[in-house]
Amino acid sequence: MTKEEHLKRLMEDPIYAIMGEELSLGRKNLDIARALIKAGVKIIQYREKHKTWREKYAEATAISKLCHENNVTFIMNDSADLAIICHADGVHVGQDDAPVQIVKDLAGQDIFVGVSTNTTDEMEGALLDGADYIGFGPMFPTQSKKDADAVVSSEARNFALQFELPVVTIGGISLQNISGLYQEGFRSFAMISAVISQPDIAKAVSDLRQAVQDA
Ligand code: 3NM
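Residues numbered from 1 in each chain as written. Predicted model: local features only at pLDDT ≥ 70, side-chain atom pairs only at ≥ 80, totals over all residues. Heavy atoms only, no water.

**Quick notes on the site of the ligand**
Thinking step 1. Taken together, Arg-47, Gly-137, Pro-138, Thr-142, Ser-144, Lys-145, Ile-170, Gly-171, Gly-172, Met-191, Ile-192 and Ser-193 form the complete shell of residues around the ligand.
Thinking step 2. Pro-138 has a polar backbone atom sitting 3.0 Å from an oxygen atom of the ligand.
Thinking step 3. Contacts to the ligand include Gly-172, whose backbone N or O atom sits 2.7 Å from an oxygen atom.
Thinking step 4. Judged by the proximity of its atoms to the pocket grid, the ligand belongs to the largest pocket. (Near = heavy atom within 4 Å. Polar contact = N/O pair within 3.5 Å; in protein donor to acceptor, adjacent residues only side chain to side chain. 1 Å grid on protein atoms, 1.4 Å probe; cavity = no way out; pocket = protein on both sides within 12 Å on 5 of 7 lines; lining within 4 Å. Sits in = over half its atoms within 2 Å of the grid points.)

**What about the UniProt feature "domain: Thiamine phosphate synthase/TenI" (unreviewed entry) in the protein?**
Thinking step 1. Those residues carrying the UniProt feature "domain: Thiamine phosphate synthase/TenI" (unreviewed entry) are residues 15–195 in this numbering.
Thinking step 2. Annotated as residues 15–195, this span is 38% helix and 19% strand, and its ends, taken at the C-alpha atoms, are 9 Å apart. (UniProt positions renumbered as here; feature names shortened; annotations may be inferred. Helix = DSSP H or I, 4+ residues; strand = E, 2+ residues; numbered from the N terminus.)

**Here we look at the packing of aromatic side chains**
Thinking step 1. With the rule as written, the count across this model stands at five aromatic pairs.
Thinking step 2. Ring centres of Phe-112 and Tyr-133 lie 6.0 Å apart, and the angle between their planes is 65°; on these two criteria the pair is classed as edge-to-face. Here Tyr-133 lies in strand 6 (residues 133–136) and Phe-112 lies in strand 5 (residues 112–117), a separation of 21 residues in the sequence.
Thinking step 3. Judged by its relative accessible area of 0%, Phe-112 is buried.
Thinking step 4. Residues Phe-136 and Phe-186 carry aromatic rings whose centres are separated by 6.3 Å and whose planes lie at 35° to one another, so their mutual orientation is tilted. Here the residue Phe-136 occupies a position in strand 6, and Phe-186 occupies one in the loop between helix 8 (178–184) and strand 8 (189–191), the gap between them amounting to 50 residues. For the pair formed by Phe-136 and Phe-186, the shared burial category is buried.
Thinking step 5. The rings of Tyr-16, Phe-112 and Tyr-133 are connected pair by pair, giving a single aromatic cluster.
Thinking step 6. Directly above the aromatic system of Tyr-182 lies the positively charged group of Arg-187, at a separation of 3.6 Å from the ring centroid. (Phe/Tyr/Trp six-rings, centres within 6.5 Å; stacked < 30°, edge-to-face > 60°. Buried < 20%, exposed > 50% of the residue type's maximum accessible area, 1.4 Å probe, protein only. Lys NZ or Arg CZ within 6 Å of the ring centre and 35° of its normal.)

**Focus: the layout of surface pockets**
Thinking step 1. Estimated volume of the largest pocket: approximately 1000 Å³.
Thinking step 2. Surrounding the largest pocket, 46 residues form its lining, Arg-47, Lys-49, Ser-116, Lys-145 and Asp-147 being those nearest its centre.
Thinking step 3. In this structure, the second largest pocket occupies an estimated 150 Å³ of space.
Thinking step 4. Lining the second largest pocket are Ser-174, Leu-175, Gln-176, Ala-194, Gln-198, Pro-199, Asp-200, Lys-203, Ala-204, Asp-207 and Leu-208.
Thinking step 5. The greatest single-element share of the lining of the second largest pocket, amounting to four residues, is contributed by helix 10 (residues 201–214). (Points joined across faces, edges and corners; volume = space filled by probe spheres on them.)

**Here we look at the pairing of strand 3 (residues 73–77)**
Thinking step 1. The buried fraction of strand 3 amounts to five of the five residues, a majority that puts the element mostly inside the structure.
Thinking step 2. The alternating pattern of strand 3 places Thr-73, Ile-75 and Asn-77 on one face and Phe-74 and Met-76 on the opposite face, and all of these are buried.
Thinking step 3. Both strand 2 (residues 43–46) and strand 3 contribute to a ladder of four bridges, which runs parallel. Bridge pairing links Ile-43 to Thr-73 in strand 3.
Thinking step 4. Traced from strand 2 through helix 3 (residues 53–69) to strand 3, the parallel crossover comes out right-handed.
Thinking step 5. Pairing between strand 3 and strand 4 (residues 90–93): three bridges, direction parallel. Counted as the bridge partner of Ile-75 is Gly-90 from strand 4.
Thinking step 6. At this point the chain moves from strand 3, through helix 4 (residues 80–85), to the parallel strand 4, and the crossover so formed is right-handed. (Pairing = 2+ DSSP bridges. Right-handed = clockwise from strand over helix to strand, strands pointing away.)

**Concerning unusual backbone geometry**
Thinking step 1. Here the bond from Gly-137 into Pro-138 is cis, since omega is 0°, no more than 30 degrees from zero.
Thinking step 2. If you trace the backbone, Pro-138 turns up in the loop between strand 6 and helix 7 (154–161).
Thinking step 3. Even without being glycine, Asn-71 reaches a positive phi, approximately 55°.
Thinking step 4. Topologically, Asn-71 is positioned in the loop between helix 3 and strand 3.
Thinking step 5. Judged by its relative accessible area of 42%, Asn-71 is partly exposed.
Thinking step 6. Of note in the backbone geometry, Asp-78 takes a positive phi value of approximately 75° without being a glycine.
Thinking step 7. Tracing the backbone shows Asp-78 in the loop between strand 3 and helix 4.

Put into structure tokens, the structure is as follows:
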């Protein structure tokens, strides 16, 4: 798939699953990836904050291969080097990681780049820097990220709804609130706990898809 096709998928498929072992109820990353793929998830981000480079490299290489065998978009969190070496389709960086221009220079033309944003200034900055999509959040309080920003303001929400780049919402999104976000106009939902912290991942994904369809 081309970069454009992956980005189109980001706006057409509401479920963007983020995986990492800390929040996966003791299950291994490779098993979580298999479960996500079996559940029909088409966008997977690998996000590990406490493993070594070598551990991440080994795991992400295997998961990236699995994703590509199953026509799933694979996104690496934080590091352009791992994204390149693991053949990721995309890389997602935060405001404190390497700047988007540098990530783009490193990653080249074929890997899309997303950046986390919380305010209108950060969204404008992402656009100027050449990001391909933005993560926008937290939409709700979240336990999954220790240093999360404050919940986004209503001004930022309105700005995001008109924004010219694809917007992936994140932070505290659950079966209870996803339809509200959809009704508000958001189309893409990145989730950790609502997916990988659920005992039955297939059921969690199917319930979330149903909630979006019903909204
Ligand atoms: N980034 P959950 S919130 C990784 O606001 C991450 O940029 C956020 O996990 C941001 O779906 C967040 O369990 C945690 O709330 C998302």
